[in-house]
Amino acid sequence: MEKSEKILQINDLNVSVDNKMIIKNLNLNINQGEIHAIMGKNGSGKSTLAKVISGHPLYTINKGKIFFKNKDITNQQPEVIAHEGIFLGFQYPVEVPGVSNIDFLRSAYNSKQIKLKKDILDPLSFFDLATKESQKIKINPTFLNRSLNEGFSGGEKKKNEILQMSLLKSELCILDEIDSGLDVDALKEIVESIKKFHNPNNTIILITHYQKLIDYIQPNYVHIMHEGNIKISGNKDLAFNIDKYGYEYIK
């Protein structure tokens, strides 16, 4: 079996915001085609890590390096990182009144196409593509013509994040608590969409509090963050033990 290539490498990462250290000496290696889950208490640094990988300007990298496909992306701008092939699905997608969902999606799609020196799609062609993708993940195509996330339920907002991921076909997708606020049926639909999207050429990082998502997805690795660092890594059984014994288990 051919060995997978390393897609993400984080070395000795230290990150602060407002002079408060959030991530401390964190190391993480992820190979292409894998699914990793990151768990931890609120305030452990999970969402901060996701945002830093994606280039969020609020956070300061005090030390360490982030490599994506062996390319140093430390301190790169968010749009550069996105064009390189990293997608972040937000925990709380923002409502943007007056900006249609379809226009936003087409702008993001064509921006990446330009970066890849590929043909862009006109409005009609992109609408056909977005309609097909939305049907795959069970989003009513009428949502394409509404303002971005405006009036969407929690589940609809999360599905819209999955739609973006599906259209952009990014190589590394970070889903920050994609399961939060979802009922059982919506969660199963999200999981089904993630499974359809995942293949040996892309990689997914799931940030979650809940074992249920891990039961459905069956990630290759589970990491537990505590006080800004990854304290323990293992397989899905680690999530089971956390669910059974709580985060005291890592001690």
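Residues numbered from 1 in each chain as written. Predicted model: local features only at pLDDT ≥ 70, side-chain atom pairs only at ≥ 80, totals over all residues. Heavy atoms only, no water.

A.B. asks: Report on unusual backbone geometry, specifying residues and quantitative values.
C.D. replies: A positive phi is found at Asn25, a non-glycine position, where the angle reads about 55°. Looking at the element boundaries, Asn25 is found in strand S2 (residues 20-31). Despite not being glycine, Gln218 shows a phi value in the positive range, around 60°. Assignment of secondary structure puts Gln218 in the loop between helix H7 (211-217) and strand S11 (221-226). (Helix = DSSP H or I, 4+ residues; strand = E, 2+ residues; numbered from the N terminus.)

A.B. asks: Quick one: what's the story with the sheet that holds strand S6 (residues 86-89), residue by residue and with numbers?
C.D. replies: One open sheet holds the six strands; their spatial order is S6-S9-S10-S3-S11-S12, and the pairing between them is mixed. The open sheet has two edge strands, S6 and strand S12 (229-234), and neither has a second partner. Strand-to-strand, the axes of this sheet are offset by a mean angle of 20°, without reference to chain direction. When S11 meets S12, the two strands line up antiparallel, connected through five bridges. (Pairing = 2+ DSSP bridges. Axes fitted to C-alpha atoms, helices over the stretch in contact; angles between N-to-C directions.)

A.B. asks: Lay out the sheet that holds S2 in plain terms, naming residues and giving numbers.
C.D. replies: Strand pairing within a sheet occurs via backbone hydrogen bonds; the two strands may be parallel or antiparallel. Read from one edge of the open sheet, four strands run S2-S1-S4-S5, paired in antiparallel fashion. On the outer flanks of this sheet lie S2 and strand S5 (71-72), each paired with one strand and no other. Two elements, strand S1 (residues 6-17) and strand S4 (residues 60-68), share seven bridges in a ladder whose sense is antiparallel. Looking at S4, one finds that Gln9 is bridged to Phe67. Packing against the sheet, helix H1 (residues 46-53) makes contact with S1, S2 and S4, and its axis sits at approximately 115° to S1. (Contact = heavy atoms within 4.5 Å.)

A.B. asks: Explain the packing of aromatic side chains residue by residue, including any values.
C.D. replies: Across all of its chains, the model carries two aromatic pairs by this definition. Each ring, one from Tyr109 and one from Phe126, has its centre 5.4 Å from the other, and the planes form 50°; the classification is tilted. You can see Tyr109 sitting in helix H3 (residues 101-115) and its partner Phe126 sitting in helix H4 (residues 123-136), a full 17 residues away along the chain. Side by side, Tyr109 and Phe126 carry an identical accessibility label, which is buried. On the numbers, 4.9 Å between centres and 80° between planes, the contact of Phe143 with Phe152 is edge-to-face. The ring of Phe143 carries Arg146 above its face, with NZ or CZ at 4.5 Å from the centroid. (Phe/Tyr/Trp six-rings, centres within 6.5 Å; stacked < 30°, edge-to-face > 60°. Buried < 20%, exposed > 50% of the residue type's maximum accessible area, 1.4 Å probe, protein only. Lys NZ or Arg CZ within 6 Å of the ring centre and 35° of its normal.)

A.B. asks: Residues and numbers for the packing of H3 against H4, please.
C.D. replies: Between two packed helices, both the angle of their axes relative to each other and the distance between the axes serve to describe the pair. Packing of H3 against H4 leaves a shortest axis separation of 10 Å and a crossing angle of 100°. As far as their axial angle goes, H4 and H3 are roughly perpendicular. Judged by residue contacts, Ile102, Leu105, Arg106 and Tyr109 of H3 engage Pro123, Phe126, Phe127, Leu129 and Ala130 from H4. When its residues are assigned to classes, the contact of H3 with H4 shows eight nonpolar, no polar and one charged. (Parallel < 35°, antiparallel > 145°, perpendicular 65-115°, else oblique. Nonpolar A, V, L, I, M, F, W, Y, C, P; charged D, E, K, R; others polar.)

These results come straight from atomic positions and should not be treated as a statement about function.
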